[in-house]
Amino acid sequence: MDWHQLWVIISAPDNVPIVGLIPLLCFYIYLAWKQAKGNDDLIAELEADPAMAKTHHRKTWPFKPGWQKEVHVWPFLLRIEFLAAIIITIILMVWSITLNAPLEEPANPNLTMNPSKAPWYFLGLQEMLVYFDPWIAGVVMPTLIIVGLMIIPYVDTNPLGSGYYTWKQRKFAISTFLFGFIVLWISMIIIGTFIRGPGWQWFWPGQTWDHNRQIYEVNRDLPDLFGIASNAGKMIFGALVVGGYFVLGGLGVYSLFRRYMAKDFKRMSLVQFSMTQVFLLIMLALPLKMILRLAWHIKYVWITPWFNV
Amino acid sequence: MPEENGNGGANGNGGANGNGSANGNGKERVGLLQRVKAGVQADVQALKTDIPTKAKEQMDGLKDPTKTQVYTSIFRHKHDDTPRNRALGILSNVFLHLHPAKINRDAVRYSYTWGMGGITFYLFIVLTFTGALLMFYYHPTKVQAFRDVLYLEHDVPFGKLLRNMHRWAAHLMVIGVWLHMFRVFLTGSYKKPREFNWNVGVILLVLTLLLSFTGYLLPDDQLGFWAVTVGTNMARATPGLGNEGPFGPQMGMTPYNDVRFGLLGGSIVDANALLRSYIWHCIGIPIVASIFMIVHFWRVRKDGGISGPAPVMLEAEGDKPRR
Ligand code: HEM
């Protein structure tokens, strides 16, 4: 266990935000979960008792008849905002006094930094470079993330759970978002920050960074496993595999929706449903490709003269 | 009052007259002198009463500063604690009227919004302020950029603090935006009628990341140089538009005319790239982001304020139109 190495990584000034992000996320997930549970319990209670549902004010917080439904922004909101501003300023001041922003040697195109890392908030994409070609990891994926986020309000037709925390009423939406945000984005950033060392190789926390370590991995392509040698064959085979994934996966998503989310499925238009299918399958493809690489050393699935997937 | 003062002056005149006859000659001049003297004495007398009265009036006026002309010209209404005035305090202020006068009693609970949108906005203001101060010391040229940062760190009073605050506020802002998006999702706040504002938010998210990224290169050190090199190398692989991307060569892309060249103003990260990131970082993106923030806040109001905490809905009510 090389504590020094661990400390060097954790205390690197630009890594401190991520060290802070982890407990922050845990706290806010807990806060959201606590409120979701409260609301779900209330919902269950009201579902069971229609008479109560008619009169109840439907929040977990107390409300008595005669209380005003609204409060003045001044002072009740503004004081919180001013307080928040002061607290943030203090945190920022203390942080800036105790920790210096990094400044390396002057830029030198002839001296490559190793590892040369993108800013931490892009490390998820850089991590994807291990598994995908740059045009996918660097261009297609960011585009898909942005488009994917943008279509969320238009494909989520579930009218429940608008304006309050809940889990039971939005299980699918919330688990999908958590998968994308926590598993695919945050955890890749954590890997990129704390695990990846020189040569973008995997170093467990506490393992010394060895700048001379070489790993000989013989990567194969999926068509090779099936003994397909000709270029045309590889192209057709890859297209079939990728196409097959989307067709079969699409069917799978359909059968799941029809069975377990019948109400949502009924509400969705064809476009809404197919968009959901496509984006779900693309999201799921990332860990699949990672497993292919890690378990079977497979580099490409689909090889064409113009691009490889 | 003026009449009385006049009489007092006349008495004083009599006394002066006596002095004049003792001298005997120059009666005309003495007369003038006397008249001046008398006038001055009258003024002094008047002063003794005028000024204290005025001073008293002034002091009385200060006891209630809200009645002064300066005050009433600035504040357009009273501030004694009535519901009307509390509302007016918000509505008649150009900055605060972003808020409604009253809000849902539970919406002020920190546990609902986590305050993250507001904190992100505050950090943006801090960044604008510290950024403008940094601009006084920074030249976006290969010769000066790195030295300017050294100068800031070692010679400019509070320069190091300034740079640190700008850097850490930027990181906090990225975290703030993510957490804000996370809570907006978890509260289902993107649902009708807030779909559009969610999209404005997504654009703000992208702009926030781009602001951070363009700033990264500016110190012109190894860290920024290689991060931007790694980042823009990906642009090389843009399908159709990058010289190494799928169908790029077929579209006639070379290292000297593809998107990466356009982003960097050259085929390597050099002086032009520095200037370009500087302009995007200090002028282009902040202006665009400000415009989108204005729209974002406007839409929060127009969409009916914060989405909740709303009364919970039951399964059976899902298919009925709401409100
Ligand atoms: C520069 C970045 C941003 C700033 C300064 C900002 C600011 C704010 C503020 C002050 C609010 C009021 C409620 C609150 O504080 O939670 C708000 C609400 C909202 N924001 Fe943002 N935001 C930003 C980015 C985003 C992003 C990335 C998204 C989503 C992708 C988003 C979506 C929304 C939505 C849908 C609302 C309405 C929420 C509700 O009614 O409960 N915003 N934003």
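(A) Seen up close, the overall build of chain B. Looking only at helices and strands, chain B has twelve helices and one strand in total. Starting at the N terminus, the α and β elements of chain B follow one another as α-α-α-α-β-α-α-α-α-α-α-α-α. Here the contacts in chain B between residues at least 6 apart in sequence split such that 60% fall between residues at least 24 apart. Of the roughly 17800 Å² that chain B leaves accessible, carbon and sulfur atoms contribute 65%.

(B) Main features of the overall build of chain A. Counting its regular elements, chain A contains twelve helices and one strand. Listing every helix and strand of chain A by position from the N terminus yields α-α-α-β-α-α-α-α-α-α-α-α-α. Taken over C-alpha atoms, the radius of gyration comes to 25 Å for chain A, far larger than the 19 Å a tight globule of 309 residues would show. By principal-axis analysis of the C-alpha atoms, chain A measures approximately 75 × 55 × 35 Å. With 309 residues in all, chain A has 43% of them scored as buried. By element, 70% of the accessible surface of chain A is carried by carbon and sulfur atoms, the whole surface being about 16700 Å².

(C) Just helix α6 (residues 116-135) of chain B, in detail. Across its 20 residues, α6 of chain B extends 28 Å between first and last C-alpha, which sits within 8% of the 28 Å expected from 1.5 Å per residue. Residues of α6 of chain B that are buried include every one of Met116, Ile119, Thr120, Leu123, Phe124, Val126, Leu127, Thr130, Gly131 and Leu134 of chain B, and no others.

(D) Region of interest: the interface of chain B and chain A. Taken together, the 93 residues of chain B in the interface contact 102 residues of chain A. Carbon and sulfur atoms supply 70% of the area buried between chain B and chain A, which totals about 9400 Å² over both sides. Of all residues in chain B, Arg105, Trp168 and Trp178 of chain B give up the largest surface area on contact with chain A, accounting jointly for 9% of the area buried on that side. Inspection of the chain B/chain A interface yields four salt bridges. One salt bridge in this structure joins Asp14 of chain A and Arg167 of chain B, with 2.8 Å as the shortest N-O distance. Applying the counting criterion to the chain B and chain A interface returns 46 residue pairs in polar contact (both at pLDDT 80 or more). Where the side of chain B that touches chain A is concerned, the elements lending two or more residues are α4 (83-91), β1 (102-104), α5 (110-113), α6, α7 (145-154), α8 (159-186), α9 (195-217) and α10 (222-233) of chain B. With 19 residues, the single largest contributor to the side of chain B that touches chain A is α8 of chain B.

(E) Summary view of the pattern of salt bridges. Residues and elements named next belong to chain B. A full pass over the atoms with the stated rule returns 16 salt bridges over all chains. Salt-bridge contacts for Lys63 lead to Asp60; the nearest nitrogen and oxygen are separated by 3.5 Å. In this pair, Lys63 and Asp60 both sit in helix α2 (residues 27-63), three residues apart, roughly one turn of the helix. The salt bridge involving Lys142 is made with Asp220; its shortest N-O contact spans 3.0 Å. On the criterion of sequence distance, the pair formed by Lys142 in the loop between α6 and α7 and Asp220 in the loop between α9 and α10 is long-range, its members being 78 residues apart. Residue classification places Lys142 among the partly exposed positions, given a relative accessible area of 31%.

(F) Just the nonpolar core, in detail. Counting residues in hydrophobic clusters, the biggest one holds 98 residues, and the most contacted among them are Trp120 of chain A together with Trp114, Trp178, Phe185 and Trp198 of chain B. Take this core: its biggest share by element is 16 residues, from α8 of chain B. Not counting chain neighbours up to four residues away, the residues in contact with Trp198 of chain B comprise Leu149, Met150, Ile152 and Pro153 of chain A together with Met181, Val184, Phe185 and Tyr190 of chain B. Grouped together as the second largest cluster of nonpolar side chains are ten residues, Leu42, Leu46, Ala53 and Tyr164 of chain A included.

(G) Spatial organisation of the coordination of the iron atom of the ligand. All names here are of chain B. Those protein atoms acting as donors to the iron atom of the ligand are His180 (NE2) and His296 (NE2), and they sit at 2.0 to 2.1 Å. Viewed at the metal, the six donor atoms of the iron atom of the ligand are separated by angles of 85 to 179°, and the geometry they form is octahedral. With His180 in helix α8 and His296 in helix α12 (residues 271-302), the pair connects residues that are 116 residues apart, well separated along the chain.

(H) Molecular detail of the site of the ligand. All names here are of chain B. Taken together, 26 residues lie near the ligand, and His180, Arg183, Gly201, His296 and Ser307 sit nearest. Note that an oxygen atom of the ligand is positioned 3.4 Å from one of the backbone N or O atoms of Gly117. The side chain of His180 places a nitrogen or oxygen atom 2.8 Å from a nitrogen atom of the ligand. Those elements that place two or more of their residues in the shell around the ligand are α6, α8, α9 and α12. Its residues assigned to classes, the shell around the ligand comprises 13 nonpolar, eleven polar and two charged.

(I) Geometry of the packing of aromatic side chains. Tallied over the entire structure, the rule returns 35 aromatic pairs over all chains. Aromatic pair Trp114 of chain B and Phe182 of chain B: ring centres 6.2 Å apart, planes at 65°, arrangement edge-to-face. Of this pair, Trp114 of chain B sits in the loop between α5 and α6 while Phe182 of chain B sits in helix α8, and the two are 68 residues apart along the sequence. Between the NZ or CZ atom of Arg213 of chain A and the centre of the ring of Phe203 of chain A, over which it lies, the distance is 4.0 Å. Above the face of the Phe132 of chain A ring, Lys289 of chain A is positioned so that its terminal group lies 4.7 Å from the ring centre.

(J) Fine view of the packing of helix α5 (residues 78-98) of chain A against α8 of chain B. Where α5 of chain A contacts α8 of chain B, the two axes come as close as 9 Å, and the packing angle between them is 120°. Comparing the axis directions of α5 of chain A and α8 of chain B gives the class oblique. Crossing angle aside, the handedness with which α5 of chain A passes α8 of chain B is right-handed. Along its contact with α5 of chain A, which presents Leu92, Met93, Trp95, Ser96 and Ile97 of chain A, the element α8 of chain B presents Leu161, Asn164, Met165, Trp168, Ala169 and Leu172 of chain B. For the contact of α5 of chain A with α8 of chain B, a count of residues per class yields nine nonpolar, two polar and no charged.

(K) Unusual backbone geometry, seen in detail. Geometrically, the link from Asn114 of chain A to Pro115 of chain A is a cis peptide bond, its omega value of -5° lying close to zero. By the element assignment, Pro115 of chain A lies in the loop between α5 and α6 (123-128). Positive phi, close to 60°, is recorded for Phe158 of chain B, a residue that is not glycine. As for its placement among the helices and strands, Phe158 of chain B is situated in the loop between α7 and α8. Despite not being glycine, Asp220 of chain B shows a phi value in the positive range, around 60°. Judged by its relative accessible area of 5%, Asp220 of chain B is buried.

(L) The arrangement of the environment of His296 of chain B in detail. Residues and elements named next belong to chain B. Taking the relative accessible area as the measure of exposure, His296 reaches 14% and is therefore buried. C-alpha of His296 to C-alpha of Trp198: the two residues are 98 residues apart in sequence and 8.7 Å apart in space. Among residues more than four places away in sequence, those in contact with His296 are His180, Asn197, Val200, Gly201 and Leu204.

Thresholds, definitions, all that
- For every chain, the first residue of its written sequence is number 1, and the numbers climb from 1 along that sequence.
- Working convention: letters from A go to chains and numbers from 1 go to ligands, in the order in which they are written.
- Given that the model is predicted, a residue must reach a pLDDT of at least 70 before its local features are reported, and side-chain atom pairs must reach 80 or more before they are shown or counted; all residues, however, enter totals for whole chains, interfaces and linings.
- Calculation of side-chain values draws on the structure's entire complement of heavy atoms; hydrogens and water are dropped beforehand.
- Numbering of helices and strands runs from the N terminus; a helix is a DSSP stretch of H or I covering at least four residues, while a strand is a stretch of E covering at least two.
- Any two residues whose heavy atoms approach within 4.5 Å at even a single point are treated as in contact.
- For every accessible area listed, the method is Shrake-Rupley and the probe measures 1.4 Å; residues are considered covered only by the protein chains on display.
- Two things to know: the radius of gyration comes from C-alpha atoms, and the globule rule equals 2.2 Å times the number of residues to the power 0.38.
- Relative accessibility under 20% of the residue-type maximum defines a buried residue, over 50% an exposed one, and the middle range a partly exposed one, all with a 1.4 Å probe and only protein chains included.
- Expected span of a helix: the number of residues minus one, times 1.5 Å.
- Buried area: the accessible surface (1.4 Å probe) lost by two parts on joining, summed over both.
- Salt bridges are defined as contacts in which a side-chain nitrogen from Lys or Arg sits within 4 Å of a carboxyl oxygen from Asp or Glu.
- Nitrogen and oxygen atoms within 3.5 Å of one another constitute a polar contact, given that in protein one can donate a hydrogen and the other can accept it, and given that sequence-neighbouring residues count only through two side-chain atoms.
- Nonpolar cores are built from buried Ala, Val, Leu, Ile, Met, Phe, Trp, Tyr and Cys residues. Side-chain atoms within 4.5 Å join them into one set.
- Only N, O and S atoms count as donors, using a 2.8 Å cut-off from the metal and 3.2 Å for Na, K and Ca, and because water is excluded some sites may appear unfinished.
- Angle rules define the geometry names used: all angles between 85 and 135 degrees makes four donors tetrahedral, while opposite donors over 155 degrees apart and all other angles between 65 and 115 make four donors square planar and six octahedral, leaving every other case irregular.
- For each residue, the test is whether any non-hydrogen atom lies within 4 Å of the molecule or strand; if one does, the residue is near.
- Classification used: nonpolar for Ala, Val, Leu, Ile, Met, Phe, Trp, Tyr, Cys and Pro, charged for Asp, Glu, Lys and Arg, polar for all others including Gly.
- In this analysis, rings of Phe, Tyr and Trp, with Trp reduced to its six-membered ring, are considered paired at centre separations within 6.5 Å, and the interplanar angle assigns stacked below 30 degrees, edge-to-face beyond 60, and tilted for intermediate values.
- Geometrically, a charge over a ring is one whose NZ (Lys) or CZ (Arg) sits within 6 Å of the ring centre while staying within 35 degrees of the ring normal.
- Axis definition: a line fitted to C-alpha atoms, over the contacting stretch in the case of helices. Angles run 0 to 180 degrees between N-to-C directions.
- An angle below 35 degrees is treated as roughly parallel, one above 145 as roughly antiparallel, one from 65 to 115 as roughly perpendicular, and anything else as oblique.
- Handedness of each helix crossing follows the sense of rotation of the near helix against the far helix: counterclockwise by less than a right angle gives left-handed, clockwise gives right-handed.

Note that every value here comes from positions in space, so none of it alone points to a role or purpose.
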